[in-house]
Amino acid sequence: MTGWRLLPYGQSAVLVELARPADVLPARNALLAPGHPAVRAVVPAARTVLVLLDPDTPAIAELPSWIERCLSAASAAPTAADRPEPVHLAVRYDGADLESVAQRCGLPVAEVIRRHSEPEYTVQFCGFAPGFGYLSGLDPALRLPRLASPRPAVPAGSVAIAGEFTGVYPRSSPGGWLLLGRTDAVLFDLDRQPPALLRPGTPVRLHPA
Amino acid sequence: MAAMIEVLASGPLATVQDLGRPGLAELGVSRSGAADRAALRLANRLVGNDESAAGVEITLGGLVVRLGTAATVACTGARCPLSGHSGGWNAALSCPAGTVLAFGSPATGLRSYLAVRGGLAVPAVLGSRATDTLSGLGPAVLAPGHRLPLGTATAGPPGTGGDAGDTRDRLPSDVTTLRLAAGPRADWFSLAPLHEAAWQVLPDSDRIGTRLAGPALRARPGFGRRIAELPSEPTLPGAVQVPPDGRPIVLGPDAPVTGGYPVVGVLPAADLDLLAQVRPGAVLRFVSAPIGPRSATAGRPR
């Protein structure tokens, strides 16, 4: 980790702002690993990690110092985190925005598909809806802003891009990301343990079907 | 007769709520749970339940239920005229089988809670029986004909609930003052209006967020671009977000777990409970609350 700031987040949480997106998951892992009894949850996002604290813990004033020590230790001796087995998703590249993405990127459609399906992505964080993972590792040539006005309904399984991320809509919902294709994989299933296929730190590979 | 209660009418919005699904934010699952957690806890204590048992959250009254069995119940939160039992609010009420409890409109406050001894035993989803109105997790929004089984989530005999008269008398008046602790992006805005203005609660407020009308909050000079480019950050119920129109939104229990609008403040838990009782059209004021752990630190230079 190259640097961070601790920012206030009300009376029982602290927000850690990282210098680089790539520092988010290492910071999350460093804060989770010790299993501090007063830490209720560690929630990663794009550049920040929220540490939720037990408001009744007597030592709450000490926790920012503890957070600093965890991050410093992780910076000094980065551990090779166990990389879980990747999740493989078969993708039919027939999305409504595939052609326009190709045009705006100045690439043939086949090249958009190649560049989108080539990287090994990592789930950096989840949000928007249960099981929606923000996958980092998108080819910079495919970075485009989201739609100015979201679609009222995006089909479940839609594989989409926005900004620096790609992701898969777990269920039909409104959405403003650019649709490249679809997968039949079930992203969130309450009868599965854990229910979310994609969790922070999970590697993901996409395969054109 | 069956150990259940039957919904005869739901009013504007009635849902099953407990203390929600904390700790699943990293899967994208919101906390959900009772909007006024202190009121649900009190109702559960009154009937001798575990504080986390599931009850009914009633919005602006209107709920009518029939008890399928003799049961001990308690009503807390916004005080509704109650027919079907001569007993009062914030107390354990013994009801014979077949009792029909009908909640009128509360004179003040917004949300009321009905706890039944044993708790509501609808199936738990991810460890909670709460209805998340955004994601759809948990039981359906209550409607006439729904039957809610009763469980065994008791912790002891029905009691007084301890401090029954405490925070529940802190229902909102014409102007409700809430404490606000600093959020991570407080220094990006000129926040004087936030603390000086009277903010009116808008009618499109719900369990996802409380929307406020008042003077638009403006970015401090030089921060507009950072606000526009802010990537998604984790959020919590009680966080005060400022969208591009400058009109703050206080996130509620069903809000998404990440958001792209800057958070300028966070309500302490007790004040978030109080906000859950403020009706659309009512007026809020904010005062500064001390920060818990510590204010922003330098950390490592970057």
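Residues numbered from 1 in each chain as written. Chains lettered and ligands numbered in written order. Predicted model: local features only at pLDDT ≥ 70, side-chain atom pairs only at ≥ 80, totals over all residues.

S.K.: Tell me what's going on with the overall build of chain A, and back it up with residues and numbers.
M.R.: Summing up its helical and strand segments, chain A has four helices and 13 strands in all. Its C-alpha atoms give chain A a radius of gyration of 19 Å, within 12% of the compact-globule value 17 Å for 209 residues. Residues counted as buried form 45% of the 209 residues belonging to chain A. (Helix = DSSP H or I, 4+ residues; strand = E, 2+ residues; numbered from the N terminus. Rg over C-alpha atoms; globule rule 2.2 N^0.38 Å. Buried ≥ 20, exposed ≤ 12 C-beta atoms within 10 Å, placed from the backbone.)

S.K.: Requested: an account of the sheet that holds strand S20 (residues 263–266) of chain B, with residues and values cited.
M.R.: All names here are of chain B. Judged by pairing direction, the barrel is mixed, and its seven strands sit side by side in the order S11-S20-S17-S18-S14-S13-S21 before closing back on the first. Direction aside, neighbouring strands of the sheet carry axes that sit 40° apart on average. Where strand S13 (residues 199–201) meets strand S21 (residues 283–288), two bridges bridge the pair, whose relative direction is antiparallel. Its bridge partner being in S21, Gln 200 is matched across the sheet by Val 283. (Pairing = 2+ DSSP bridges. Axes fitted to C-alpha atoms, helices over the stretch in contact; angles between N-to-C directions.)

S.K.: Talk me through the confidence of the model for chain B; I want residue IDs and the actual numbers.
M.R.: Residues and elements named next belong to chain B. For chain B, the average pLDDT comes to 91, and 92% of its residues sit at 70 or higher. With pLDDT under 50 throughout, residues 164–168 is counted as low confidence; its partners more than four residues away or in other chains account for nine contacts. In this model residues 294–302 is a low-confidence stretch, pLDDT under 50, and it forms 21 contacts with partners more than four residues away in sequence or in other chains. Here the predicted complex carries an ipTM of 0.90, next to a pTM of 0.92. (pLDDT = per-residue confidence, 0-100. Contact = placed C-beta atoms within 7 Å.)

S.K.: Please provide a residue-by-residue account of the domain arrangement of chain A, values included.
M.R.: All names here are of chain A. Domain annotation of chain A identifies domain 1 (4–76) and domain 2 (87–208). With seven residues of domain 1 at the contact, the number on the domain 2 side is seven residues. For the side of domain 1 that touches domain 2, the leading source of residues is helix H1 (residues 24–32), giving three residues. Of the residues contributing to the side of domain 1 that touches domain 2, the split by class is six nonpolar, no polar and one charged. (Domains from an automatic or database assignment. Nonpolar A, V, L, I, M, F, W, Y, C, P; charged D, E, K, R; others polar.)

S.K.: Can you explain the nonpolar core? Please cite residues and give values.
M.R.: Counting 142 residues, the largest nonpolar core has Val 16, Ala 27 and Val 51 of chain A together with Ala 43 and Ala 115 of chain B as the members making the most contacts within it. If one sorts the elements of this core by residue count, helix H1 (residues 37–46) of chain B sits on top with six residues. The contacts of Val 16 of chain A, once residues within four sequence positions are left out, are Trp 4, Leu 6, Ala 27, Thr 48, Val 49, Val 51 and Ile 67 of chain A. (Core = buried A, V, L, I, M, F, W, Y, C linked by C-beta atoms within 7 Å.)

S.K.: Describe the sheet that holds strand S10 (residues 147–149) of chain B, with residues and values.
M.R.: All names here are of chain B. The antiparallel open sheet is built from five strands, whose spatial order is S6-S8-S4-S1-S10. Both edges of this open sheet fall to strand S6 (82–83) and S10, since each of them pairs with a single strand only. By the bridge criterion, three bridges tie strand S4 (residues 63–67) to strand S8 (residues 100–103) in an arrangement that is antiparallel. Bridge pairing links Arg 66 to Val 100 in S8.

S.K.: So, H1 of chain A: which residues are in play, and what are the values?
M.R.: Residues and elements named next belong to chain A. Within H1, eight of the nine residues are buried, leaving the element largely enclosed by the surrounding structure. Those residues of H1 lying buried are Val 24, Leu 25, Pro 26, Ala 27, Arg 28, Asn 29, Ala 30 and Leu 31. Residues of H1 that are buried make contact with strand S1 (4–8), strand S2 (13–18), strand S3 (39–44), strand S4 (48–53), helix H2 (63–76) and strand S6 (121–126).

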